[in-house]
Amino acid sequence: MRTAPVPAKDGPRINRDIRVREVQVIDADGSNKGVLNVFDAIQIAEEQGLDLVEVAPNATPPVCKIMDYGRFRFQEQKKAAEARKKQKVIEIKEIKLRPAIDDHDYGVKMKAMKGFFEEGNKVKITLRFRGREMAHQDIGMKVLDRVKQDIVDIAKVEQEPSFEGRQVVMVLAPK
C-alpha cells in the first residue's frame, strides 16, 4: 500500500514551500536585497506581514520577491479574466444552396453571408444535389464560382469546393 502522492500546487512556491538554501531577494518596494539564506528571507517577509514568493525558480540562485501573495493571485486572476473577455470566438456559420437557385434567393443568401463576415465568422457553403441534379454537377460548380467572384473583396476561400457524397462543401473566411 502506497500513500497518495502530494498534489502539485499550481502557481509559484511561497514561504516554507521554497526548498533551496539561498535565494536572491527583492524587497516589496523593488530594491534588491542580495543573496540571503531562505530562512532569513522568510523572517524578513514575516516581519513586514508579507510573503516570500519565488518568481524565477530556474535562476541561480532562485529569485524571490517579498509581496502580499493573496493580492498577487487576485491580480493574476483579474488579468486572466480580462484576457478571456477580449478573446473572440470564431464560429462557422452554414449557408445551404441548391444548383438551380434563383437570383433573388441567391441575393438573400449573399446578404446573410456578408453579415456573417462582418461579425468575423467563417462561412461553410453546402451545395446539395438531389435526384438527377447529380448528372449536372457543372451547374453546381458554376454557382460556387459565382459565390467566389461575389465575395472576393470581403473574404477568402479557406477550403476549396470538395465533394462529400451528394453535396459540395466550401469554407470561406473573412479577410
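Provided above is the structure to which this section pertains.
Conventions and cut-offs
Residues numbered from 1 in each chain as written. Predicted model: local features only at pLDDT ≥ 70, side-chain atom pairs only at ≥ 80, totals over all residues. Heavy atoms only, no water. Helix = DSSP H or I, 4+ residues; strand = E, 2+ residues; numbered from the N terminus. Buried < 20%, exposed > 50% of the residue type's maximum accessible area, 1.4 Å probe, protein only. Contact = heavy atoms within 4.5 Å. Areas by Shrake-Rupley, 256 points an atom, 1.4 Å probe, with all protein chains shown as cover. Lys, Arg positive; Asp, Glu negative; His and termini not counted. Charge placed at Lys NZ, Arg CZ, Asp CG, Glu CD. Salt bridge = Lys/Arg side-chain N within 4 Å of Asp/Glu carboxyl O. Arc of directions from axis to C-beta. Polar contact = N/O pair within 3.5 Å; in protein donor to acceptor, adjacent residues only side chain to side chain. Phe/Tyr/Trp six-rings, centres within 6.5 Å; stacked < 30°, edge-to-face > 60°. Lys NZ or Arg CZ within 6 Å of the ring centre and 35° of its normal. Axes fitted to C-alpha atoms, helices over the stretch in contact; angles between N-to-C directions. Parallel < 35°, antiparallel > 145°, perpendicular 65-115°, else oblique. Left-handed = near helix turned anticlockwise from the far one by under 90°. Nonpolar A, V, L, I, M, F, W, Y, C, P; charged D, E, K, R; others polar.

*Asks:* Mind laying out the overall build of the protein, listing which residues take part and the relevant values?
*Replies:* From N to C terminus, the protein includes four helices and eight strands. Of the regular secondary structure in the protein, the N- to C-terminal order runs β-β-α-β-β-α-β-α-β-α-β-β. When the backbone C-alpha atoms are referred to their principal axes, the protein occupies close to 85 × 50 × 25 Å. Per-residue burial for the protein yields a buried fraction of 29% across its 175 residues. In the protein, the proportion of contacts linking residues at least 24 apart, taken out of those at least 6 apart, comes to 53%. Put simply, the protein shows about 12,100 Å² of open surface, and 51% of that area lies on carbon and sulfur atoms. Within the protein, the 28 negative side-chain charges are centred at a point lying 5 Å from the centre of the 33 positive side-chain charges.

*Asks:* So what about the pattern of salt bridges? Which residues, and what values?
*Replies:* Evaluation of the coordinates by the stated rule reveals nine salt bridges. Salt-bridge contacts for K93 lead to E91; the nearest nitrogen and oxygen are separated by 3.4 Å. The partly exposed category is assigned to K93, whose relative accessible area is 24%. Note that R98 is salt-bridged to E133, the shortest N-O span being 2.5 Å. One end of the pair, R98, is in the loop between strand 5 (92–97) and helix 3 (103–118); the other, E133, is in the loop between strand 6 (122–128) and helix 4 (137–150), with 35 residues separating them in the sequence.

*Asks:* How would you summarise helix 1 (residues 38–47) if you had to cite specific residues and measurements?
*Replies:* Within helix 1, burial applies to V38, A41, I42 and A45. Buried residues in helix 1, looked at end-on, bunch into an arc of 100°, giving them a common side. Helix 1 presents F39 and E47 as exposed residues on the side facing more than 90 degrees away from its buried surface. Structurally, the start of helix 1 carries an N-cap: the backbone nitrogen of F39 is 3.2 Å from a side-chain oxygen of N37. Within two residues after helix 1, G49 carries a phi angle of roughly 75°, on the positive side.

*Asks:* Help me get a handle on the packing of aromatic side chains, residues and values and all.
*Replies:* Following the criterion strictly, the structure yields two aromatic pairs and no others. Plain terms: the ring middles of Y69 and F72 are 6.2 Å apart, the flat faces sit at 35° to each other, and that makes the pair tilted. One end of the pair, Y69, and the other, F72, are both in helix 2 (residues 69–86), three residues apart, so they sit about a helical turn from each other. Residue Y69 is classed as buried on the basis of its relative accessible area, which comes to 12%. Between the aromatic rings of F129 and F163, the centroid separation amounts to 6.1 Å while the plane-to-plane angle is 15°, which identifies the pairing as stacked. Here F129 is found in the loop between strand 6 and helix 4, whereas its partner F163 is found in strand 7 (residues 155–164), with 34 residues between them in sequence. A residue is classified by how much of its surface remains accessible, and F129, at 1% relative accessible area, is buried. Exposure remark for F163: the relative accessible area of 39% places this residue in the partly exposed category. Above the face of the Y106 ring, R146 is positioned so that its terminal group lies 3.8 Å from the ring centre.

*Asks:* How would you summarise the packing of helix 3 against helix 4 if you had to cite specific residues and measurements?
*Replies:* As a packed pair, helix 3 and helix 4 sit with axes 12 Å apart at the nearest point and diverge in direction by 45°. Taken together, the axes of helix 3 and helix 4 lie oblique to each other. The element helix 3 and its partner helix 4 pack so that their crossing is right-handed. Contacts between helix 3 and helix 4 pair D103, Y106, M110 and M113 from the former with R146, V147 and D150 from the latter. Split by residue class, the contact of helix 3 with helix 4 holds four nonpolar, no polar and three charged.

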